[in-house]
Amino acid sequence: MSTHQKKTIIELTRCSVEGYRKMRKLPLIVVADNVRSMHNIGSMLRTADAFLVEEVVLGGISGCPPHPEISKTALGAEDSVAWRHVDDTLGEVLRLRSEGWLICVLEQAHNSIKIENFIAPPHSKCVLVVGNEVKGVDQRIVDLADVVLEISQCGVKHSLNVSVSAGIAMWQLFLNLSAAASDSRG
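Attention in this report is confined to the structure presented alongside it.

Criteria and cut-off values
Residues numbered from 1 in each chain as written. Predicted model: local features only at pLDDT ≥ 70, side-chain atom pairs only at ≥ 80, totals over all residues. Heavy atoms only, no water. Helix = DSSP H or I, 4+ residues; strand = E, 2+ residues; numbered from the N terminus. Rg over C-alpha atoms; globule rule 2.2 N^0.38 Å. Contact = heavy atoms within 4.5 Å. Areas by Shrake-Rupley, 256 points an atom, 1.4 Å probe, with all protein chains shown as cover. Lys, Arg positive; Asp, Glu negative; His and termini not counted. Charge placed at Lys NZ, Arg CZ, Asp CG, Glu CD. Buried < 20%, exposed > 50% of the residue type's maximum accessible area, 1.4 Å probe, protein only. Salt bridge = Lys/Arg side-chain N within 4 Å of Asp/Glu carboxyl O. Polar contact = N/O pair within 3.5 Å; in protein donor to acceptor, adjacent residues only side chain to side chain. Patch = residues over 30% accessible without salt bridge, like charges linked within 9 Å, V, L, I, M, F, W, Y side chains within 5 Å. Pairing = 2+ DSSP bridges. Axes fitted to C-alpha atoms, helices over the stretch in contact; angles between N-to-C directions. Right-handed = clockwise from strand over helix to strand, strands pointing away.

1. Focus: the overall build of the chain
Part 1 of the reasoning: Of regular secondary structure, the chain possesses 8 helices and 7 strands.
Part 2 of the reasoning: Relative to the globule expectation of 16 Å for 186 residues, the C-alpha radius of gyration of the chain, 17 Å, shows essentially globular dimensions.
Part 3 of the reasoning: Reported as C-alpha extents along the three principal axes, the dimensions of the chain are approximately 55 × 45 × 40 Å.
Part 4 of the reasoning: Residue pairs in contact within the chain that sit at least 24 positions apart in sequence constitute 84% of those at least 6 positions apart.
Part 5 of the reasoning: Here the chain has roughly 10,600 Å² of accessible surface; of this, 55% comes from carbon and sulfur atoms.
Part 6 of the reasoning: Counting 19 positive and 21 negative side-chain charges, the chain places the averaged centre of each group 5 Å from the other.

2. Description of the side chain of Asp-33
Part 1 of the reasoning: Considering the arrangement of structural elements, one finds Asp-33 in strand 1 (residues 26–33).
Part 2 of the reasoning: It turns out Asp-33 is buried and unbridged, and the closest side chain with the opposite charge, Arg-140, is 7.0 Å from it.
Part 3 of the reasoning: Here the side chain of Asp-33 touches Asp-138 through a polar contact of 2.9 Å, landing on its backbone nitrogen.
Part 4 of the reasoning: Those residues in contact with Asp-33 that sit more than four places away from it in its chain are Gly-59, Ser-62, Thr-89, Val-129, Val-130, Gly-131, Asn-132, Gly-136, Val-137, Asp-138 and Ile-141.

3. Considerations on a nonpolar patch on the surface
Part 1 of the reasoning: The grouping of Ile-9, Ile-10 and Leu-12 at the surface amounts to a nonpolar patch, some 340 Å² of accessible area in total.
Part 2 of the reasoning: If you trace the backbone, Ile-9 turns up in helix 1 (residues 9–12).
Part 3 of the reasoning: Classification of Ile-9 as exposed rests on a relative accessible area of 64%.

4. A short note on the sheet that holds strand 3 (residues 83–86)
Part 1 of the reasoning: If you trace the 7 strands from one edge of the open sheet to the other, you get 3-2-1-6-4-7-5, paired in parallel fashion. Strands with a single pairing partner mark the edges of an open sheet, and in this sheet they are strand 3 and strand 5 (113–114).
Part 2 of the reasoning: Judged from the 2 bridges that link them, strand 5 and strand 7 (residues 147–150) form a sheet pairing that is parallel. Considered in strand 7, the bridge of Lys-114 is made with Glu-150.
Part 3 of the reasoning: Taken strand by strand, helix 3 (residues 38–50) contacts strand 1, strand 2 (53–59), strand 3 and strand 6 (126–131), and its axis lies near 165° from that of strand 2.
Part 4 of the reasoning: Along the sheet face, helix 6 (residues 89–98) touches strand 1, strand 2, strand 3, strand 4 (102–106) and strand 6 and points at about 160° away from the line of strand 1.

5. With respect to unusual backbone geometry
Part 1 of the reasoning: With an omega dihedral of -5°, the bond running from Pro-65 to Pro-66 counts as a cis peptide bond.
Part 2 of the reasoning: Structurally, the position occupied by Pro-66 is in the loop between strand 2 and helix 4 (68–74).
Part 3 of the reasoning: The phi dihedral of Leu-75 falls on the positive side, at around 50°, and the residue is not glycine.
Part 4 of the reasoning: If you trace the backbone, Leu-75 turns up in the loop between helix 4 and helix 5 (77–80).
Part 5 of the reasoning: Looking at Leu-75, the relative accessible area reads 58%, which means it is exposed.
Part 6 of the reasoning: Located in the positive-phi region is Asn-111, a residue other than glycine, with phi close to 65°.
Part 7 of the reasoning: Looking at the element boundaries, Asn-111 is found in the loop between strand 4 and strand 5.

6. So, the pattern of salt bridges
A side chain with one charge can pair with a side chain of the opposite charge if their charged atoms come near.
Part 1 of the reasoning: Evaluation of the coordinates by the stated rule reveals 8 salt bridges.
Part 2 of the reasoning: Between Arg-36 and Glu-133 there is a salt bridge; the shortest N-O distance is 3.8 Å. Of the two residues, Arg-36 is situated in the loop between strand 1 and helix 3 and Glu-133 in the loop between strand 6 and helix 7 (139–144); the sequence distance between them amounts to 97 residues.
Part 3 of the reasoning: A salt bridge links Glu-150 to Lys-114, with the shortest nitrogen-to-oxygen separation between them at 4.0 Å. One end of the pair, Glu-150, is in strand 7; the other, Lys-114, is in strand 5, and 36 residues separate them in sequence.
Part 4 of the reasoning: Exposure remark for Lys-114: the relative accessible area of 35% places this residue in the partly exposed category.

7. Some points on the pairing of strand 2
Part 1 of the reasoning: Among the 7 residues of strand 2, 6 are classified as buried, and the element is accordingly described as predominantly covered.
Part 2 of the reasoning: Relative to strand 2, strand 1 runs parallel, the two being bridged by 6 bridges. When the sheet's bridge partners are listed, Asp-33 is paired in strand 2 with Gly-59.
Part 3 of the reasoning: Note on the crossover from strand 1 through helix 3 to strand 2: the handedness is right-handed.

And the structure:
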């Protein structure tokens, strides 16, 4: 018998939706700037659930639950993760910035920082902005970013799917912000 037996669904059950909602979240908000695909939205919600994201803001044309295509990939995360829709993504990012959130845009840009090299300042509250599948993040939002983060890539293709990119970035920020929270607790 293998020593790596797969876990059962009972073993994987962590908490209820209500229990999850009461859990302390990371100071991380993910903003989807005009993300067209409902599957990408669902995937981002599911990843946000995994990494204790405080909230997902669905901006502009980004789809919103309830929607069958979102549910197909979110697998219930649309019920556990706090989310809301805003018509004006730029306005929302400006509002969050005025409240002291650090604006981190995920984009390929001149003078970007490789995401693996980014260390959030102590006690930071971070907003991760991810963009449209074709056009990326609105340049006006890129222009006001406190930091532009980029994922290192080596292949022929010049980009990753937005939900994959968002997942990589959420994981990296989860590690970063979790470590910062642990350091501040002593």
